Amino acid sequence: MDGLSLAASVIAVIQLAGSCLKLSRKWIGPSEFGSTDLTGIKTALYGFNGAMKTFQTHLEIHEDDEALLGSLEYLKPVLERCKEALDITKDFMENSGFIGKHLIGPKFDRKLKTSLKALDGAKELFMLALHGDQQ
């Protein structure tokens, strides 16, 4: 994987996370989540978004280091999983109409929890990649 494709994947994931954050400002609708849970969702999205932006900055600083970029090949599947998790999160939040709130919302609660756990795990992995590279 070349540095440009890695950077493009990171940018795409950051843009998708930004879309989810914008949607999270709306009231999501009836689901098993209360206001505390909704705050947790926002916190998880902001944490993930921050980690990805930090990782993007790291890539920009080291864009000429082919050895480093080659060593980050293992992150490509993680970026794919992040995109899938963010797509699920975005779909969940976009269903704010009557049908989305009352029929679709409760069905996605499990998928949303799983997606948020995946994003949290990915955030930790990206932070570990940053810390490992700095040593």
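Small disclaimer: the values here were computed from a predicted structure and weren't measured.

*Asks:* What is the right way to read the overall build of the chain from this model?
*Replies:* On a plain count of helices and strands, the chain comes out with five helices and zero strands. When the helices and strands of the chain are read in sequence order from the N terminus, they spell out α-α-α-α-α. When burial is assessed residue by residue, the chain has 36% of its 135 residues classed as buried. In the chain, of all internal contacts separated by at least 6 residues, the share reaching a separation of at least 24 is 82%. A total of about 7,600 Å² of accessible surface is found on the chain, and carbon and sulfur atoms cover 56% of it.

*Asks:* I'm lost on the nonpolar core in this one. Help?
*Replies:* Side chains that are nonpolar tend, in soluble globular proteins, to be buried together. Phe48, Phe55, Leu86 and Phe126 are the most contacted members of the largest nonpolar core, which has 34 residues in total. Elements that contribute at least two residues to this core include exactly helix H1 (3-24), helix H2 (35-61), helix H3 (66-71), helix H4 (76-94) and helix H5 (98-134). Leaving out residues up to four positions away in the same chain, phenylalanine 48 has contacts with Val13, Ala17, Cys82, Leu86, Leu119, Ala122 and Lys123.

*Asks:* Hey, could you run me through a negative patch on the surface in this one?
*Replies:* Together, Glu60, Glu63, Asp64, Asp65 and Glu66 line one region of the surface with negative charge. What makes aspartate 64 exposed here is its relative accessible area of 69%.

*Asks:* Explain the pattern of salt bridges here, please?
*Replies:* Side chains that differ in sign of charge can pair as their charged atoms come close. The final tally for this structure, using the stated rule, is three salt bridges. Between aspartate 120 and lysine 123 there is a salt bridge, with the nearest N and O atoms lying 3.4 Å from each other. Of the two residues, aspartate 120 and lysine 123 both sit in helix H5, three residues apart, roughly one turn of that helix. Across the pair lysine 123 and glutamate 124 runs a salt bridge, and its minimum N-O distance is 4.0 Å. Exposure remark for glutamate 124: the relative accessible area of 43% places this residue in the partly exposed category. Each member of the salt-bridge network shares a partner with another, and the members are Asp120, Lys123 and Glu124.

*Asks:* So what exactly am I meant to see when it comes to H4 here?
*Replies:* Residue pairs spaced three or four apart in an α-helix point in one direction, given the helix's 3.6 residues per turn. Between the first and last C-alpha of H4 there are 27 Å, a value that for 19 residues agrees with the 27 Å anticipated at 1.5 Å per step. When we look at burial in H4, the residues that qualify are Val78, Leu79, Cys82, Ala85, Leu86, Thr89, Phe92 and Met93. When H4 is viewed along its axis, its buried side chains cluster within an angular range of 140° and face the same direction.

*Asks:* Just checking my understanding: could you explain the environment of glycine 70 for this structure?
*Replies:* Here glycine 70 lies in helix H3. Looking at glycine 70, the relative accessible area reads 41%, which means it is partly exposed. Residues glycine 70 and leucine 6, spaced 64 residues apart in sequence, show a C-alpha to C-alpha distance of 9.9 Å.

*Asks:* In this structure, what is going on with the environment of lysine 53? I would like to understand it.
*Replies:* For lysine 53, the position within the fold is in helix H2. Of the residues examined, lysine 53 reaches a relative accessible area of 42% and is grouped as partly exposed. Distance from lysine 53 to valine 13, taken between C-alpha atoms, is 9.8 Å for residues 40 residues apart in sequence.

*Asks:* What exactly am I supposed to notice about the confidence of the model for the chain here?
*Replies:* Parts of the model with low pLDDT should not have their predicted coordinates read in detail. In this model, the chain carries a mean pLDDT of 78, and residues with pLDDT of at least 70 account for 75%. Mean pLDDT across the elements of the chain bottoms out in H5 (74) and peaks in H4 (86).

Rules used throughout
Residues numbered from 1 in each chain as written. Predicted model: local features only at pLDDT ≥ 70, side-chain atom pairs only at ≥ 80, totals over all residues. Heavy atoms only, no water. Helix = DSSP H or I, 4+ residues; strand = E, 2+ residues; numbered from the N terminus. Buried < 20%, exposed > 50% of the residue type's maximum accessible area, 1.4 Å probe, protein only. Contact = heavy atoms within 4.5 Å. Areas by Shrake-Rupley, 256 points an atom, 1.4 Å probe, with all protein chains shown as cover. Core = buried A, V, L, I, M, F, W, Y, C linked by side-chain atoms within 4.5 Å. Patch = residues over 30% accessible without salt bridge, like charges linked within 9 Å, V, L, I, M, F, W, Y side chains within 5 Å. Salt bridge = Lys/Arg side-chain N within 4 Å of Asp/Glu carboxyl O. Lys, Arg positive; Asp, Glu negative; His and termini not counted. Charge placed at Lys NZ, Arg CZ, Asp CG, Glu CD. Expected span 1.5 Å × (residues − 1). Arc of directions from axis to C-beta. pLDDT = per-residue confidence, 0-100.

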